Every structure is written in C-alpha cells, then in structure tokens.
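Descriptive structure summary
If you want the building blocks of each chain, they are given just below.
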Amino acid sequence: SSTSTTTSSTSSSTTTSSTTTSSTSTTTSSTSTTTSSTSSSTTTSSTTTSSTSTTTSSTSTTTSSTSSSTSTTTSSTSSSTSTTTSSTSSSTTKSTTSSTSTTTSSTSSSTSTTALSTIADHSSTFLNQTTYLVGTNPYGVAVVDVNNDNKPDIIVANYGSNNVGVLLNAGNGTFLNQTTYSVGTTPFLAAVADLNHDNKPDIAVVNYGSANISVLLNAGNGTFLSQTTYAVGSNPISVVIVDVNNDNKSDIVVANYVSSSFSVLLNTGNGTFLSQTAYTVGNNPHSAVVVDVNNDSKPDVVTPNGGSNSVSVLLNPGNGTFPSQTTYSLSASPQAVAIVDVNSDNKPDIVITFYSANNIVVLLNTGNGTFINQSTYLVGTNPYGLAVVDVNNDNKPDIIVTNEGIPDPIESCDYTYINSTLIVNCIAGYHQGNEDYFCYMYKRQQNGSYSEYARLKANCAFILFDLTSEIYHDFRVFTKNKYGDNYERSYSIKVGKPKVDMIPKKARIYWPYLALFVSGAYLGLLVLIYCSCHRMRKSMLNKRETTENFERKFSDKNSI
C-alpha cells in the first residue's frame, strides 16, 4: 500500500468566476544538442543509511513557487513511498523503492537576517519560530535524513554566499550549526536523492550564475565530498532527480531560463553523469516538471514558458529522450505550475498561475498526453505560489494560491549631498531583502530623457561619489522586478546648481570674449555706416559744387 504525503503553504485565494476556453496546440520537434561538461571531485567524511529513496527537486507535485512554501503529493508503485520537496515550481515525483518514507516541506527564505526558521507542531498550533543562521540570501531548501538517524535534516542553497548549508537534526526538533560546502555561482535550488546506489542521499544543486550544476556525494554520517560540476544551459533555474530512461539510475533534469531549454543528464550508475542533452522549449521556462502524463509509465516533461505565453509538453518514448514537443498557447505569461488529477479520471491535469493576468488556468488531460478545455478562474493580484491538495477531506484536490500583490513603489527617500557625494537611502516596503527585486536610479540626460545610472539588488541605499557640484543632477529612484517596474511612481532627487545656471564651464569662460566680440562687431558696423554716409554726403557736395561752377561759367559767357 502506498502512502502519499502533502505539505502546503499558507495563504489562500477565492474563486470569483470561471470561464472556459479552448487551448490551441501545435506540435513541433525539439532540437537536442549535446555539450561537454567539466568535472572535478574530492573529499570529506562518512555515513551509513539504510535503504532510502528520496527525490527532492526544485519542483514538487502540487507545488510550484519560487520563494514560497511548497506542497508535495507523491505516488508509488511499491509498499512504501519516499518523497522530498524543494522550494519552487512544481512536479509529480514517482518512486519505486521498497523502503522508508520521508516527508518534507520547504520554504524558500530570503530574509535580511539570513536565518532559517523552524516552527514546532503542537496539536495543529505552532510555537514561535526558532531561527538558525545560514549563508547569505538562502533561497532553496530541502528537508531529508542525510545521516541515517531517522531524523530529518535541512539542506539550504545559499544564493549569495555560493555554498550549500547542511543542518543536522539534534533529535528534538532543534538543529546543529550548518556545515557549508562550496558550489558554483549563485546556487538557486537543491535536490536530494541517492545518485550512486550506496543508500546515502546525495545533493544536486543548480548554479544560476555559472551555467552548471554541482553534485555532492554523501561520504557518510551526513558529510559530503567536494562538488563535481556539469555544464548545463544559461541560468539554470530548477532541478529534478528522476529516472527518465528506466535503468534504475537517478538522472537529472534541469530547466534553463535564459537559454530557453531543459537539460537531461543521464546517470552512468556510480554517481557521475554524461554530458547534457539539451531540448529547446518556449522562451524562459520557469521550471521543468517531470511526470507521466500519458499513462505509459515513462516520465514526461512539462515546462511553463513565461517568455512566450505557452506550456510545452514533451513525451518520453522510454529511452530518456524527448524528440518532439506539443505547445499549448496561453493567454498570459505562466508562472507556477502543478500537475495533478483534479477531476478524478486518473489522468494528471495541469494547473497554472498567470502572474500578470490575476487568474489561474486548468488544462484537462485527455488521457494520451494531450490537454483541452482551458478553464480560467480569477484570483488575487499577481498570483505567485501554487499548491494543490485536498483541504476539506472530500477526496477532491483543492487549489491554494498566494497573491503577491502590486510591487511596492518607493515609499520615502532621505538623501544628503555634501562635497560632491550623494548618499541616498530609500524605503521600498516589504520587498527590500527579496532577491527578485531591484532598486534602480535613473539620471536625466541633456536631451531630457532618463537612463540607468545605478542599480542595487534587494535594497535602495546608494552612495554616489564625485558628482560635479557645478552641474545640476536630476535622478529618479524606483523598484523593479522581472515582471515590471514602478517607474511611473518613482521618487525624484535633484541636487547641484539650479537649471538657470546649467551653462557648461567652458561656455562660462568664453562668454566675456563673446560679448566683447559682438560689441566690437556692432561698433565696427556703426563706423562702417558712418563712413559710408560721410562719403555719400561728400560725393553729393562735390557734385553740387561742380554743377554750380558749370552754371556760373555758362552764365558769364552769355553776359559777354
């Protein structure tokens, strides 16, 4: 008998209306490329673990949200299931192991104190949080027993400090200080599963900034060897560990956000992996969800493509390749996705949140891996996190959505301008400290337009040196994330000389000479006019005198 475990995030949404439209689908063949990977491995300690099969990834069945709590539903074909979860996106994990069951729940935290919080369960109520210091900007989190003591431990991807932290469970719901292991640049999410068949859970991490993944094998007792890296696409954003070619070896599937693809790395059997095979999908996939959508017992791949307003479905022929994709056009950009049977027909359906459209969409599975009947339901402003789970014990999966709301504008700014140095400290609401948000400073140019002058991640405290005091400086500060900005509600900062004095320094130096030149030219013109008039008058006088002399001589002859 299989068990399934679910955990979910807080926050709820109400369904205010529903409409039904038909989704359009097109079938295209996806290109696959193989690239080489570099690898290096080494060191560290020991652990023994009795048979456990855990699949932790950036995606989990009824969950999908970056930086938000997730919920997981797993199915199994043996006497017991093993489920783990990570902190973002969504996926359904299928396990065929015959021992241990572990339940995990995760929240991605990116707090200003860079601390991990745990809350103990006491009869459905919770005590105050206990915080544990981890690395800078912790992002992805997984919970799984890594040292075989039947106590779930915590693994955290520390985005800002380029490492993963492992916090071992002391046994009473408290955790030891983290042990850190170096990985690639800006690790985003971590997945935990046995990758080399030694019954010890290993770690796979996607490194968003270095276009690779790190694999850390479990040396025993919850310690891990140094990383081995494998190249993937640009800006990998999610990771799933699952056997895609039915060889009983855990493979790795990674969604590449910028290169608009997902990578499949097949396991050789000893915890090392072949070079990636990349499959092109729509623009900017937020995740790669791996689940059997056509009931052939072969895991398929579904990607929500935020940059092309579509969702891609790639069926697995059974050998771990994905030769063609079917694309379903959507009315807006998809954000989070969950794959679960919502209409009790034993066919997994697709539930998607639309961040900018403020609604969710349900695509029903026809049974052969194609989807129809795009039903739309209104939710709150900017839906972000998604969980699908039965919350009222009627054996029907319900939908929970977290609504992020409108991005906060700049609320206030304090600034000082002394000795050509501008110090700015702006408050942008609760989004400060959130890695998804940036604070931008734009400067006005001579043509009247504004262009980017500086930017900061997750805070709005600027220090600008060596600003020319004789020049007028006009800045605007505003918040921005990957979905939009608050430029129209920016905060204005103006320092330096007022506009009336906005004359370049060289122009001010040559101004007296210009005035002298103009005055000289004017006087010269007056002299020229005077001389011309004088000559004309003299000429006229000479002519008159000549005429008078002629007339006088003529009159004298007549008189004679």
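These numbers come from a predicted model, not from an experiment.

1. A look at the sheet that holds strand β35 (residues 421-427)
- Within the open sheet, the three strands sit side by side as β34-β35-β38. Their pairing is antiparallel. Strands at the two margins of the open sheet, each flanked by one partner only, are β34 (412-418) and β38 (461-464). The average angle at which neighbouring strand axes cross in this sheet is 10 degrees, direction not considered.
- Note that β35 and β38 share four bridges and pair antiparallel. Its bridge partner being in β38, V424 is matched across the sheet by F462.

2. Describing the sheet that holds strand β13 (residues 179-182)
- The antiparallel open sheet is built from four strands, whose spatial order is β10-β11-β12-β13. What marks the edges here is a single partner per strand, and that holds for β10 (138-144) and β13. Shown here is a sheet whose adjacent strand axes are inclined to one another by a mean of 20 degrees, direction ignored.
- As judged from the six bridges shared by β10 and strand β11 (residues 153-158), these two strands associate in the antiparallel manner. Bridge pairing in β11 links V143 to I154.

3. Topic: the environment of S259
- Mapped onto the elements of the fold, S259 is located in the loop between β21 (251-256) and β22 (261-265).
- A relative accessible area of 31% means that S259 is categorised as partly exposed.
- A sequence separation of 25 residues divides S259 from S234, and the C-alpha atoms of the two residues are 5.2 Å apart.
- In this structure S259 touches G233 and S234, once residues within four positions along its chain are discounted.
- At 3.2 Å, the side chain of S259 and the backbone nitrogen of S234 are in polar contact.
- A polar contact of 3.3 Å, which involves the side chain of S259, links it to the side chain of S261.

4. A short note on the side chain of D202
- Its location among the elements puts D202 in strand β15 (residues 202-207).
- Comment: no salt bridge for buried D202; closest opposite-charge side chain is K200, at 8.1 Å.
- For D202, the side chain forms a polar contact with the main-chain nitrogen of L195, separated by 2.7 Å.

5. Some points on unusual backbone geometry
- Here T186, not a glycine, exhibits a phi torsion of approximately 45 degrees, which is positive.
- For N284, which is not glycine, the phi torsion reads 55 degrees and is therefore positive.
- On the secondary structure map, N284 appears in the loop between β23 (277-280) and β24 (289-291).

6. Focus on a nonpolar patch on the surface
- A cluster of nonpolar side chains, contributed by Y522, L523, L525, L526, L528 and I529, occupies part of the molecular surface with about 600 Å² of accessible area.
- Structurally, L525 is set in helix α1 (residues 505-559).

Analysis parameters
- Residues numbered from 1 in each chain as written.
- Predicted model: local features only at pLDDT ≥ 70, side-chain atom pairs only at ≥ 80, totals over all residues.
- Heavy atoms only, no water.
- Pairing = 2+ DSSP bridges.
- Helix = DSSP H or I, 4+ residues; strand = E, 2+ residues; numbered from the N terminus.
- Axes fitted to C-alpha atoms, helices over the stretch in contact; angles between N-to-C directions.
- Buried < 20%, exposed > 50% of the residue type's maximum accessible area, 1.4 Å probe, protein only.
- Contact = heavy atoms within 4.5 Å.
- Polar contact = N/O pair within 3.5 Å; in protein donor to acceptor, adjacent residues only side chain to side chain.
- Lys, Arg positive; Asp, Glu negative; His and termini not counted.
- Salt bridge = Lys/Arg side-chain N within 4 Å of Asp/Glu carboxyl O.
- Patch = residues over 30% accessible without salt bridge, like charges linked within 9 Å, V, L, I, M, F, W, Y side chains within 5 Å.
- Areas by Shrake-Rupley, 256 points an atom, 1.4 Å probe, with all protein chains shown as cover.

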